[in-house]
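Spelled out from the first residue to the last, the chains are:
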Amino acid sequence: MDRFEQHLAVCGTCSARLEELSGLVPILAEIGQDGPPRPPDGALLDRLLAEVAGERRTKRRWRRLMAVAAAALIVAGPTAAVVSMETTSSPPAAGQSFAHSYTATDAGTGVSATIGLTARQWGTQIDMRLSDVGGPRTCHLVVVGTHGQQETVANWTVPPGGYASGGKPRPISVSGATAMSPSDIARFDVITTQGQKLVSVPA
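Residues numbered from 1 in each chain as written. Predicted model: local features only at pLDDT ≥ 70, side-chain atom pairs only at ≥ 80, totals over all residues. Heavy atoms only, no water.

(A) The arrangement of the overall build of the chain in detail. Helix and strand counts for the chain come out as four helices and twelve strands. Counting all 203 residues of the chain, 35% fall into the buried class. A fraction of 58% describes how many contacts in the chain between residues 6 or more apart in sequence connect residues 24 or more apart. Surface exposure of the chain reaches about 11,900 Å², of which carbon and sulfur atoms provide 55%. (Helix = DSSP H or I, 4+ residues; strand = E, 2+ residues; numbered from the N terminus. Buried < 20%, exposed > 50% of the residue type's maximum accessible area, 1.4 Å probe, protein only. Contact = heavy atoms within 4.5 Å. Areas by Shrake-Rupley, 256 points an atom, 1.4 Å probe, with all protein chains shown as cover.)

Structure representation (structure tokens):
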């Protein structure tokens, strides 16, 4: 896993391929034991193709905007994690409306996390704001279900000096997704590759 993460951090081609495939996980979870649905008729297929083309255009515009804003896109695991430094002290929910939002600070590590959840048809979109994380280290955001099941939904690397500007540490925003619904989630853990738990956020 460590070699896999190190390779993705420097290989744009593999990172792009992994990002394209990450959307298959919730789709396959929806199909479940019933198998693939029947092929759509011509009119429905045209509408679906038009929607896919529109989503791809939106993603391309989003990537260009992220590049202009100097955000860092880091893919290092089974799902794509969008990591960016924040320029203000506002939480990730600023300008957004989350059905569920949770906050916690670990007394031992001093790391704070605020997590916003958005229910989707395929599962849950997760947006996290993480503060006071030093480096170098690689971190994982792990979702723990109410029945004890665990799922890694995002991975990212913290540089040696942490995320800072002018000597001042900055929070980072991390986004991921899970096939679990919000009601099936018990907590969120931020864990390093060495097994250290930086913060745990109850849901």
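(B) Layout of the sheet that holds strand β7 (residues 150-158). With respect to topology, four strands assemble into an open sheet ordered β7-β6-β11-β12, the strand pairing being antiparallel. Each end of this open sheet is capped by a strand with a single partner; those strands are β7 and β12 (197-202). Looking at each pair of strands side by side, their axes are set apart by 15 degrees on average, direction ignored. Examined bridge by bridge, strand β6 (residues 137-145) and strand β11 (residues 185-192) share seven bridges and lie antiparallel to one another. Each bridged residue has a counterpart across the sheet, and for His140 the counterpart in β11 is Ile191. (Pairing = 2+ DSSP bridges. Axes fitted to C-alpha atoms, helices over the stretch in contact; angles between N-to-C directions.)

(C) Main features of the nonpolar core. In terms of nonpolar packing, the biggest core is built from 26 residues, with Met128, Leu130, Leu141, Trp156, Phe188 and Val190 touching the most fellow members. Looking at this core, the elements that each hand over two or more residues are β4 (112-120), β5 (123-131), β6, β7, β10 (172-178), β11 and β12. Looking at which element gives the most residues to this core, the answer is β7, with four residues. (Core = buried A, V, L, I, M, F, W, Y, C linked by side-chain atoms within 4.5 Å.)

(D) Structural context of the pairing of β11. Among the eight residues of β11, six are classified as buried, and the element is accordingly described as predominantly covered. Both β11 and β12 contribute to a ladder of five bridges, which runs antiparallel. Of the residues in β12, the one forming a bridge with Val190 is Val199. As consecutive antiparallel partners, β11 and β12 are separated by four residues, and within that stretch Gly195 has a phi angle of approximately 90 degrees, a positive value.

(E) Representation of unusual backbone geometry within the structure. Omega for the bond connecting Gly135 with Pro136 falls within 30 degrees of zero, at 5 degrees, which places this linkage in the cis form. Positive phi, close to 65 degrees, is recorded for Asp132, a residue that is not glycine. With respect to the element layout, Asp132 can be found in the loop between β5 and β6.

(F) Up close: the pairing of β7. Relative to β7, β6 runs antiparallel, the two sharing eight bridges. Bridging from a neighbouring strand, Leu141 pairs with Ala154 of β7. Adjacent in sequence and paired antiparallel, β6 and β7 are bridged by four residues, among which Gly148 carries a positive phi angle near 90 degrees.

(G) Representation of the environment of Thr118 in the model. Its location among the elements puts Thr118 in strand β4. As for Thr118 and Ser101, which are separated by 17 residues in sequence, their C-alpha atoms are 9.2 Å apart.

(H) Representation of the pattern of salt bridges. By the definition in use, this model includes two salt bridges. A salt bridge links Asp189 to Arg187; the shortest N-O distance between them is 3.0 Å. Residue Arg187 is classed as partly exposed on the basis of its relative accessible area, which comes to 29%. Close ionic contact of Lys197 with Asp189 constitutes a salt bridge, the shortest N to O distance being 3.8 Å. Note on Lys197: relative accessible area 39%, which makes it partly exposed. Given the relative accessible area of 3%, Asp189 is considered buried. One network of salt bridges, with partners in common, ties together Arg187, Asp189 and Lys197. (Salt bridge = Lys/Arg side-chain N within 4 Å of Asp/Glu carboxyl O.)

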